[in-house]
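# Results of the structural survey
This is what each chain is made of:
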Amino acid sequence: MQELIRRAKELLADGTVARVLGWKAGDMPWNPEPAFFENEEELKDFVYDGFCGANLSKMMIEASKLDGKTLVCLKPCDTYSFNQLLSEHRVDREKAYIIGVGCKGKLDIEKIRSMGIRGIRNVEGASLEDAADTLRFETASGEKTCAYADAMLSRCHVCKGKEHQIYDERIGESKDTKDQERFTEVERIEAMSPQERFAYFQSELGKCIRCNACRNVCPACSCRKCVFDSNKFDSSQKANVDSFEEKMFHIIRAFHVAGRCTDCGECSRVCPQGIPLHLFNRKFIKDIDELYGTYQAGEAVVERSPKILYDRLIAFFVQNGRQIPMDASEFQRFLRDTFVERDGMFFTAEQAIKYDDLRRQIPEMVSLALFVGSEADGVQWLKRELVDKPQTY
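The rules behind each value
- Residues numbered from 1 in each chain as written.
- Predicted model: local features only at pLDDT ≥ 70, side-chain atom pairs only at ≥ 80, totals over all residues.
- Heavy atoms only, no water.
- Helix = DSSP H or I, 4+ residues; strand = E, 2+ residues; numbered from the N terminus.
- Buried < 20%, exposed > 50% of the residue type's maximum accessible area, 1.4 Å probe, protein only.
- Contact = heavy atoms within 4.5 Å.
- Areas by Shrake-Rupley, 256 points an atom, 1.4 Å probe, with all protein chains shown as cover.
- Expected span 1.5 Å × (residues − 1).
- pLDDT = per-residue confidence, 0-100.
- Lys, Arg positive; Asp, Glu negative; His and termini not counted.
- Salt bridge = Lys/Arg side-chain N within 4 Å of Asp/Glu carboxyl O.
- Polar contact = N/O pair within 3.5 Å; in protein donor to acceptor, adjacent residues only side chain to side chain.
- Phe/Tyr/Trp six-rings, centres within 6.5 Å; stacked < 30°, edge-to-face > 60°.
- Lys NZ or Arg CZ within 6 Å of the ring centre and 35° of its normal.
- Core = buried A, V, L, I, M, F, W, Y, C linked by side-chain atoms within 4.5 Å.

## Side note on the overall build of the chain
Scanning the chain from terminus to terminus reveals 14 helices and 11 strands. Within the chain, the proportion of its 393 residues that are buried is 44%. Pairs at least 24 apart in sequence give 66% of the contacts found in the chain among residues at least 6 apart. Carbon and sulfur atoms provide 52% of the accessible area of the chain, an area that totals close to 21,200 Å².

## A closer look at helix 10 (residues 278-292)
Its 15 residues give helix 10 an end-to-end C-alpha distance of 21 Å, which sits within 8% of 21 Å, the value for a rise of 1.5 Å per residue. For helix 10, the complete set of buried residues consists of His278, Leu279, Phe280, Asn281, Arg282, Ile285, Lys286, Ile288 and Asp289. At the exit of helix 10 stands Gly293, carrying a positive phi of roughly 105°.

## Overview of the confidence of the model for the chain
For the chain, the average pLDDT comes to 85, and 87% of its residues sit at 70 or higher. Within the model, pLDDT remains below 50 along residues 364-374, and this stretch shows 18 contacts once partners closer than five positions in the same chain are excluded.

## Topic: the side chain of Arg90
By the secondary structure assignment, Arg90 is in the loop between helix 3 (76-87) and strand 5 (96-101). Of the buried charged residues, Arg90 lacks a salt bridge, with Glu88 as the closest side chain of opposite charge at 5.7 Å. Here the side chain of Arg90 touches Ser222 through a polar contact of 2.4 Å, landing on its backbone oxygen.

## Description of the packing of aromatic side chains
A full pass over the atoms with the stated rule returns 10 aromatic pairs. Each ring, one from Phe316 and one from Phe317, has its centre 5.4 Å from the other, and the planes form 90°; the classification is edge-to-face. For Phe316, a relative accessible area of 42% translates into the label partly exposed. Looking at Phe317, the relative accessible area reads 14%, which means it is buried. Site record: aromatic cluster; members linked through ring pairs are Tyr310, Phe331, Phe334 and Phe339. Its end group placed over the ring of Tyr80, Lys160 keeps NZ or CZ at 5.1 Å from the ring centre. Here the guanidinium or amino end of Arg210 rests over the ring plane of Phe249, the centre of that ring lying 4.5 Å away.

## Topic: unusual backbone geometry
Notably, His89 is not glycine yet its phi reads approximately 60°, a positive angle. A relative accessible area of 25% places His89 in the partly exposed class. Although it is not a glycine, Asn212 adopts a positive phi angle of roughly 70°. Relative to the helices and strands, Asn212 is located in the loop between helix 6 (194-205) and helix 7 (213-217).

## Regarding the pattern of salt bridges
The full count for this structure, using the stated rule, is 22 salt bridges. Residue Asp263 pairs with Arg182 through a salt bridge whose shortest N-O separation is 3.0 Å. With Asp263 in the loop between helix 8 (243-257) and helix 9 (266-270) and Arg182 in the loop between strand 9 (169-171) and helix 5 (184-190), this residue pair connects regions lying 81 residues apart in the sequence. Of the two residues examined, Asp263 and Arg182, each falls in the buried class.

## A word on the side chain of Thr177
Examined against the element boundaries, Thr177 turns out to sit in the loop between strand 9 and helix 5. Among residues more than four places away in sequence, those in contact with Thr177 are Lys104, Gly105, Met152, Cys156, His157, Cys159 and Lys162.

## Topic: the nonpolar core
Membership of the largest hydrophobic core comes to 38 residues, with the highest contact counts inside it found for Phe46, Tyr48 and Leu71. When contributions to this core are tallied by element, the ones reaching two or more residues are helix 1 (2-13), strand 1 (19-24), strand 2 (33-37), strand 3 (46-47), helix 2 (60-63), strand 4 (70-74), helix 3 and strand 5. In this structure Leu71 touches Ala8, Leu11, Val17, Arg19, Val20, Leu21, Tyr97 and Ile99, once residues within four positions along its chain are discounted. Core analysis: the second largest hydrophobic core is formed by 18 residues, Met192, Tyr200, Ala254 and Leu277 among them.

Now the structure itself:
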């Protein structure tokens, strides 16, 4: 953690970033909370340990509107959410300085309490530098211990991997935490009879108090105006007037984020009633994989490809109420006439020099553009192949 704080101070001091988005210590050792830090003095409250489970990517929507860059700390799983927001033009990549922080699994205070560990005064074994094997608690009734893995959030047991999908630099080591199959819980529910399945979800969703914590924390729920905040159809009322409404809210939300949910698990983490809301989203992910082919929302985006650059151009002109100045083919000609192409991506001359230097420093680096993961990727790859060397079949 000290290396992370030191780097944050350096970037603030030299003006690279205007603020830091991370976690600050709470009133107890197990409840840090997301926070912005504007100067070196405020960083004295900065923390990063096993209890820092919050996904900070959604907060970058508002941070992107501020002057200057924001240093944001993203765990490997968080970077999927940031990438998805980037593809939807909800965050500005140029306003973010991303430090990919290591992760050894995040901790669930409710699991710890369920093991009879309460009245916690201090915790050892949860820092980024620790081996993440054993947790030691100083409690009101004496010292207690538990295995780190037994206290992890459920999502960490089905971790998507410890590779950051996007970053400017990385700090801290990660540890593989996956020891369960991702869709086991979904398959268990699928195996139920329709009546059993209905009763299961009625029991779980019946706990909902409509606090909207799941919606507010979800990176995929980023609409400027949510239908559930509308007074027109009485959908903003908090109380569940009947058994239908308590299901309607979560079912509509699950459909809304289908294909965009990265399975970050924040909805379940923040639910005060302990409802496993992620199971709705994970069911959709499983169905999408089976019906259309394996897909992971938020996987690495080739940010400087012609398609992404043209999407950004359209978004800029639409958001500013201006006419789009050129079509896609004109834009691609403009790119090739004006910028330098490297591996299917376009750079200014200065950026191309830096990219070439990076490739020399990391000989094993392979461009994402070389991988073909879908029909669309294949078409783009074929176009690039034919640009410089037209071929016959």
